[in-house]
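# Descriptive analysis of the structure
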Amino acid sequence: MIRNLQHIALTVPDLEVGRAFYELFGLEARADGDDLVFRCAGRAQDQVRLIPGAKKRLAYVSYGTNAEGMDALLERLQRAGVPLADPPYHVPFGGIWFQDPHGDWINVQVASEAPVRTVATPEVNTSGRYRRIGTRACDFATPGKRAVPLRLGHLIKFTPDVNASVDFYTNVLGLKVSDRAADILAFLRGSAGGDHHLIGLAKSSHTGLHHMSFEVADIDEIEMGAQALLRAGYRDGFGFGRHLGGSNYFHYIRDPWDSLVEYFWDIDVIPEDDSEWVALNGMEHLGMVWSTTPAPPDFIQNFEPAD
Ligand SMILES: [Fe+2]
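First, a word on scope: everything that follows refers to the structure included in this document. All of these numbers come straight from a predicted model, not from anything done at the bench.

Procedures and definitions
- Residues numbered from 1 in each chain as written.
- Predicted model: local features only at pLDDT ≥ 70, side-chain atom pairs only at ≥ 80, totals over all residues.
- Heavy atoms only, no water.
- Helix = DSSP H or I, 4+ residues; strand = E, 2+ residues; numbered from the N terminus.
- Expected span 1.5 Å × (residues − 1).
- Buried < 20%, exposed > 50% of the residue type's maximum accessible area, 1.4 Å probe, protein only.
- Contact = heavy atoms within 4.5 Å.
- Polar contact = N/O pair within 3.5 Å; in protein donor to acceptor, adjacent residues only side chain to side chain.
- Donors = N, O, S within 2.8 Å, 3.2 Å for Na, K, Ca; no water.
- Pairing = 2+ DSSP bridges.
- Axes fitted to C-alpha atoms, helices over the stretch in contact; angles between N-to-C directions.
- Parallel < 35°, antiparallel > 145°, perpendicular 65-115°, else oblique.

With that settled, the discussion passes to helix α4 (residues 219–231). Between its terminal C-alpha atoms α4 stretches 19 Å, which fits the 18 Å expected from 13 residues at 1.5 Å a residue. Every buried residue of α4 is listed here: E221, I222, E223, G225, A226 and L229. On its buried side, α4 packs onto α1 (15–25), β16 (236–243), β17 (249–254) and β18 (260–265). Between the side-chain oxygen at the start of α4 and the backbone nitrogen of D220 there is a gap of 3.2 Å, and the oxygen is on D218.

So this is what it looks like as C-alpha cells:
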C-alpha cells in the first residue's frame, strides 16, 4: 500500500517568509496558483507546498502507491469505516483524500518516487577499506560548499495517541514498524521497504508537524547547510549528531514558525524482504549515538496550535 512519501503541505501566514527560508535551506521555489511549491534541484517531484493560512500548521501529507496498492487501500479504508473526502485544499493533482484517526489530512496518489539527481561523492577511507588512493576528498577549487538537498526523506508528526496512530498507519495504510519507543515514538517505513522511516509518530497533547527531513549528499552538506541558516539568523534546532533510530547523521534548524527541518545523511535502509530486520522497542530510541550539544528542552515541543 503506501510505498513512498510524495510531499508535505503546510499552511503558513506569510509565503515570502517561507520562500526565503526554504530557498536558503537549498530548495527551489515556484508559484502554483496561490501556493508556493518547493522541489529539490534536479528532481521532478514536489516536496513542500506552502498554502496561505492564518497560522502555521501541517495541512496534509501526500503519499504514493501503485495501482494494486490503491485497490487494497480503498478496500481497507472501507473496511475500517474511513470515509473518502473531497480535497480540503485547491491542489492540481489527483488521488484520494481522507483523515487519520486524529483528523490529519492524508492524500494518496498512484505515484512512484521521482529519480534523485546523482552526485559524485568521493570514496571514504575507513580502516581496512582505503578506497580513495591518490585523490583528495576535499575540493580546493570550490570551498564553501552549500547544501543542495537530494530528496524529502521523511517527516515526524505529533499524535495524542501513538498506539492508535500506529494501528491505523500499519493496519489500514500498510506501513511497517521499523523501531519504536513504547507509546512515545514509532518509526514506520513503506510497505515495500526503503528508508528506515518515511514517517515517525511522536507523542504530544495534539497533532502537528515535528519535522520534515531532507537527504543531502554527504556529511559535510549537513553542517554547511545548517551553518548557512544559522549565519542568516535562523534558530538552531538540534545537532550536529547521529541518531540511534535510523542511524542517520542530522542537524535540525527551526523554520520561521518553529517547525524543525532536518538535513540527514546515511540512513538505514530496510529491504522489502525484511526477514532479517528485527524491530526494537525501547526508550533508547529517544536518545542519540552522540550529539555536539544536548537536545534542547523545546526539541520535543509541539509549536502548532491545539485547535
Ligand atoms: Fe528525522
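Still more ground to cover, so stick around.
Turning next to the coordination of the iron ion. Surrounding the iron ion are the protein donor atoms H154 (NE2), H211 (NE2) and E262 (OE), which sit 2.0 to 2.1 Å from the metal. Taken in sequence order, the residues that donate to the iron ion follow the motif H-x56-H-x50-E. Remark: E262 occurs in strand β18 and H211 occurs in strand β15 (residues 208–215); sequence separation between them is 51 residues. The pair H211 / E262 is uniform in exposure class, with both members buried.

Turning our attention to the environment of L209. Topologically, L209 is positioned in strand β15. Exposure remark for L209: the relative accessible area of 3% places this residue in the buried category. With 38 residues separating them along the chain, L209 and N171 place their C-alpha atoms 22 Å apart. Excluding residues within four positions of it along the chain, L209 makes contact with L10, K56, L58, L155, I156, F158, S259 and E304.

On to the pairing of strand β2 (residues 28–32). Pairing geometry for β2 and strand β3 (residues 35–39), over five bridges, is antiparallel. Looking at β3, one finds that A29 is bridged to F38. Hairpin connection of β2 to β3: two residues between the antiparallel strands, including G33 at a positive phi of 60 degrees.

Here the focus is the sheet that holds strand β12 (residues 185–189). Spatially, ten strands are ordered β20-β11-β12-β14-β10-β15-β18-β17-β16-β21 in an open sheet, and the strand pairing comes out mixed. Each end of this open sheet is capped by a strand with a single partner; those strands are β20 (280–281) and β21 (288–291). Pairing of strand β11 (residues 176–181) with β12 involves five bridges; the strand directions are antiparallel. Its bridge partner lying in β12, A181 is registered against L185. Along the sheet, helix α3 (residues 162–172) makes contact with β10 (151–159), β11, β12 and β14 (199–203), crossing β14 at roughly 160 degrees. Strand contacts of α4: β16, β17 and β18, with the helix running at about 15 degrees to β17, the strand carrying the most contacts.

Time to look at the packing of helix α2 (residues 67–79) against α3. Running from amino to carboxyl end, α2 crosses α3 at an angle of 135 degrees, the nearest separation of the two axes being 10 Å. It follows that α2 is oblique to α3 by the angle criterion. In this structure, α2 uses L73, R76 and L77 to contact α3, whose residues at the interface are T170, N171 and V172.

Now for the environment of E16. The topology assignment puts E16 in helix α1. In this structure the C-alpha to C-alpha distance between E16 and L50, which are 34 residues apart in sequence, comes to 9.9 Å. In terms of polar contacts, E16 uses its side chain to reach the side chain of R19, at 2.9 Å.

Treat this as a map of the structure, not an account of what it does.
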